[in-house]
Amino acid sequence: MHAIILFAHGSRDPLWHKPIQTVAERIAQRSPGTVVRCAYLELTEPDLPHVANALVAEGATSLCVVPMFLGVGRHAREDLPELMHALKANHPNIDITCQPAVGEQDALLDLLAEIALGRANS
């Protein structure tokens, strides 16, 4: 089983995580066979190791972490590589990959420009 983990910063505000969860819901709607979960760096549960461990326990053979960071700051440059190293060490038989942060993806940057110009479709 392949699974996607949407990985975001986290917040004490209970409404903050709604967009991340909405992305997960849209993935599930568009690809019903795709397993998708949300994980957070801090201030919100569950964290990345917990989600990865649970998915492996459910039978995942590959995990793809998608960093939901617009800016590529310290968390994306330093914290995430450390977490990925630990995940791979804890699950050496699982194929674990990490996409570039969404803020580095041309498709998202183009969409943000279209939104700012008022030309994006809903």
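Remember, predicted model here, so these are calculated numbers, not experimental data.

Trainee: Would you mind going over the pairing of strand 1 (residues 2–8) with me for this structure?
Mentor: Where a strand is regular, its side chains alternate between the two sheet faces. Counting buried positions along strand 1 yields 6 of 7 residues, so the element is predominantly enclosed. Summarising the sheet, strand 1 and strand 3 (residues 62–67) pair through 6 bridges and their orientation is parallel. Residue pairing in the sheet places phenylalanine 7 in a bridge with proline 67 of strand 3. Bridge count between strand 1 and strand 2 (residues 35–40): 6 bridges; the pairing is parallel. By the bridge assignment for strand 2, isoleucine 4 is matched with valine 36. In terms of handedness, the path from strand 1 via helix 1 (residues 18–30) over to strand 2 forms a crossover that is right-handed.

Trainee: Would you mind going over the environment of alanine 24 with me for this structure?
Mentor: Mapping alanine 24 onto the fold places it in helix 1. Taking the relative accessible area as the measure of exposure, alanine 24 reaches 10% and is therefore buried. Separated by 20 residues in sequence, alanine 24 and isoleucine 4 have C-alpha atoms that sit 8.9 Å apart. Setting aside chain neighbours within four positions, we find alanine 24 in contact with Leu6, Val36 and Cys38.

Trainee: For this particular structure, what's the right way to read the pattern of salt bridges?
Mentor: Oppositely charged side chains may form a pair once their charged atoms are brought near each other. Here the structure, examined in full by the defined rule, presents 2 salt bridges. Between arginine 37 and glutamate 58 there is a salt bridge, with the nearest N and O atoms lying 3.0 Å from each other. Placement of arginine 37 in strand 2 and of glutamate 58 in the loop between helix 2 (48–57) and strand 3 is noted, with a sequence separation of 21 residues between them. When its relative accessible area of 33% is taken as the criterion, arginine 37 is described as partly exposed. For the salt bridge of glutamate 114 with arginine 119, the shortest nitrogen-to-oxygen distance reads 3.2 Å. Take glutamate 114: its relative accessible area is 28%, and that puts it in the partly exposed class.

What counts, and where the lines are drawn
- Residues numbered from 1 in each chain as written.
- Predicted model: local features only at pLDDT ≥ 70, side-chain atom pairs only at ≥ 80, totals over all residues.
- Heavy atoms only, no water.
- Buried < 20%, exposed > 50% of the residue type's maximum accessible area, 1.4 Å probe, protein only.
- Helix = DSSP H or I, 4+ residues; strand = E, 2+ residues; numbered from the N terminus.
- Pairing = 2+ DSSP bridges.
- Right-handed = clockwise from strand over helix to strand, strands pointing away.
- Contact = heavy atoms within 4.5 Å.
- Salt bridge = Lys/Arg side-chain N within 4 Å of Asp/Glu carboxyl O.

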